[in-house]
Amino acid sequence: MNIEEGVALSRFTTIGTGGPATAFGRPETLAALEEALAWARERELAVATIGLGSNLLVADEGFDGLVLKLAGELAAAEVEGERLVAGGGAANAVCLHRAREAGLGGFEFACAIPGTVGGGVWMNAGAYGSDWAAILERALVVNGDGTRWLSPDELGLSYRHSGLQHGQVVARAEFRLEPRPVEEIKAKVAELQALRKAAQPTNKRTFGSVFKNPGHELSAGRMLEACGLKGHRIGGAQISPRHANFIENADAARTEDAIALMAEARRRADEQFGVELEHEVEFLGPLQVPPLR
Ligand SMILES: Cc1cc2nc3c(=O)[nH]c(=O)nc-3n(C[C@H](O)[C@H](O)[C@H](O)COP(=O)(O)OP(=O)(O)OC[C@H]3O[C@@H](n4cnc5c(N)ncnc54)[C@H](O)[C@@H]3O)c2cc1C
């Protein structure tokens, strides 16, 4: 497998920010993935995998390690009986397409989640009352020490969380779906996409929800809206005028602009509601939101 140096990760994040990776590779098979992990281990390099970068903020300084982006058979999806078998790098849109073609339902909720199977496992992605944990049977996780199939329990899936650590790569996953008429699947997807379009910025560069919903009567978005943050801008990043739990790349934003907005949002939610918001977006590289106190 070819390893490239200094690849700009802004090319691979939906917000379009982030510095370079020391090393970058696109393994297409399980053997190539294992080889890449061994290569990094020999050099004592940290490893991180990226999917479609739709839940990811990469530091402007970049990531000092090997970044893997799964390709080839590790990004393909097919139906076997009533199961969807997909590579960790398979886009949700491709999985949904395969499931629909085969008349299998259960994956429709993911139509509005612009990521991959592996990214979904990492944070137990979910929407409209369902999530990865509800349909995932098992995932093949590879790290420098070996390769193991893990169940949702072993993966530690809970609300927008798994117990996975960087260096553990979701190479494949199997989902349990159920027979459903194709027209019903199409109608459900159209309904969910219309709901999404009505409520969220769908034509802007964002990384999805910034904060997890707190245990409060208000969602994170409603809370930040009540703090008057819609449209608030720092540098090239702004809080979406449409939905306050989204940050948009308004004009040549840097990751530091998004982090500054997140810090301001947390400060205001703490001040007005006494709530400490926890970020949902994942960080790569030396990044942190300054503590409240
Ligand atoms: C417009 C928009 C709407 C969104 N709506 C939703 C929503 O409704 N619900 C929701 O849950 N999310 C939503 N998201 C966020 C995002 O799409 C999901 O979290 C998605 O699952 C991330 O997948 P990804 O492949 O893009 O992961 P990335 O953003 O590339 O990575 C996210 C994390 O997963 C890790 N990772 C990625 N692939 C692998 C792998 N193969 N093995 C191990 N680790 C891996 C990365 O290291 C990183 O820590 C939205 C995002 C956008 C931009």
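Worth saying up front: this structure is predicted, and the values here are computed from it rather than measured.

J.: Describe in detail the overall build of the protein chain, supporting the description with residues and values.
T.: Secondary structure assignment for the protein chain yields eight helices and 18 strands. Its C-alpha atoms give the protein chain a radius of gyration of 19 Å, near enough to 19 Å, the size a compact globule of 293 residues would have. Reported as C-alpha extents along the three principal axes, the dimensions of the protein chain are approximately 50 × 50 × 30 Å. Among the 293 residues that make up the protein chain, the fraction classed as buried is 50%. By sequence separation, contacts in the protein chain at least 24 residues apart represent 65% of the contacts at least 6 residues apart. In the form shown here, the protein chain has an accessible surface area of approximately 13200 Å², with 47% of it arising from carbon and sulfur atoms. Of the charged side chains in the protein chain, 30 are positive and 39 negative; the average position of the first set lies 5 Å away from that of the second.

J.: Describe the side chain of Asn124, naming the residues involved and giving the relevant values.
T.: Relative to the helices and strands, Asn124 resides in the loop between α3 (117-123) and β9 (126-127). Of note is the side chain of Asn124, whose polar atom sits 2.9 Å from the backbone oxygen of Ser158. Once residues within four sequence positions are removed from consideration, Asn124 is found in contact with Asp131, Trp132, Ala133, Leu157, Ser158, Tyr159, Arg160 and His161.

J.: I'd love a proper account of the nonpolar core, names of residues and values included.
T.: With 36 residues, the main nonpolar core has Cys95, Phe107, Trp132, Leu155, Phe175 and Leu177 as its most contacted residues. When contributions to this core are tallied by element, the ones reaching two or more residues are β7 (83-87), α2 (92-101), α3, α4 (132-135), β11 (136-143), β13 (169-176) and α6 (182-199). A total of four residues in this core trace back to one element, the largest contributor, which is α3. Filtering out sequence-adjacent residues up to four positions away, Trp132 remains in contact with Asn92, Phe107, Phe109, Ala110, Ile113, Thr116, Val117, Gly120, Val121, Asn124, Ala125 and Phe175. Within the second largest apolar cluster, 28 residues are counted, among which are Ile15, Ala253, Leu261 and Met262.

J.: Go over helix α1 (residues 30-42) with me, naming the residues and quoting the values.
T.: An ideal rise of 1.5 Å per residue puts 18 Å on 13 residues; α1 measures up with 19 Å between its terminal C-alpha atoms. Restricting attention to buried positions, one finds in α1 the residues Ala32, Leu33, Ala36, Leu37 and Ala40. Buried residues of α1, viewed axially, fall in a sector of 140 degrees; they line one side. Across α1 from its buried face, at more than 90 degrees, point the exposed residues Ala31 and Glu42. Where the residues of α1 are buried, they touch β3 (46-50), β5 (63-69), β11 and β13. Glu44 sits one or two residues past α1 and shows a positive phi near 55 degrees.

J.: For the pattern of salt bridges, give the residues involved together with the corresponding values.
T.: Tallied over the full model, the rule gives 24 salt bridges. Between Arg172 and Glu73 there is a salt bridge; the shortest N-O distance is 3.2 Å. Placement of the pair is Arg172 in strand β13 and Glu73 in the loop between β5 and β6 (77-80), with a sequence separation of 99 residues. For Glu73, a relative accessible area of 43% puts it in the partly exposed group. Glu225 is paired through a salt bridge with Arg222; the nearest N and O atoms lie 3.0 Å apart. On the criterion of helical spacing, the pair formed by Glu225 and Arg222 is a turn pair, its members being three residues apart in helix α7 (residues 220-226).

So, how was this worked out
- Residues numbered from 1 in each chain as written.
- Predicted model: local features only at pLDDT ≥ 70, side-chain atom pairs only at ≥ 80, totals over all residues.
- Heavy atoms only, no water.
- Helix = DSSP H or I, 4+ residues; strand = E, 2+ residues; numbered from the N terminus.
- Rg over C-alpha atoms; globule rule 2.2 N^0.38 Å.
- Buried < 20%, exposed > 50% of the residue type's maximum accessible area, 1.4 Å probe, protein only.
- Contact = heavy atoms within 4.5 Å.
- Areas by Shrake-Rupley, 256 points an atom, 1.4 Å probe, with all protein chains shown as cover.
- Lys, Arg positive; Asp, Glu negative; His and termini not counted.
- Charge placed at Lys NZ, Arg CZ, Asp CG, Glu CD.
- Polar contact = N/O pair within 3.5 Å; in protein donor to acceptor, adjacent residues only side chain to side chain.
- Core = buried A, V, L, I, M, F, W, Y, C linked by side-chain atoms within 4.5 Å.
- Expected span 1.5 Å × (residues − 1).
- Arc of directions from axis to C-beta.
- Salt bridge = Lys/Arg side-chain N within 4 Å of Asp/Glu carboxyl O.

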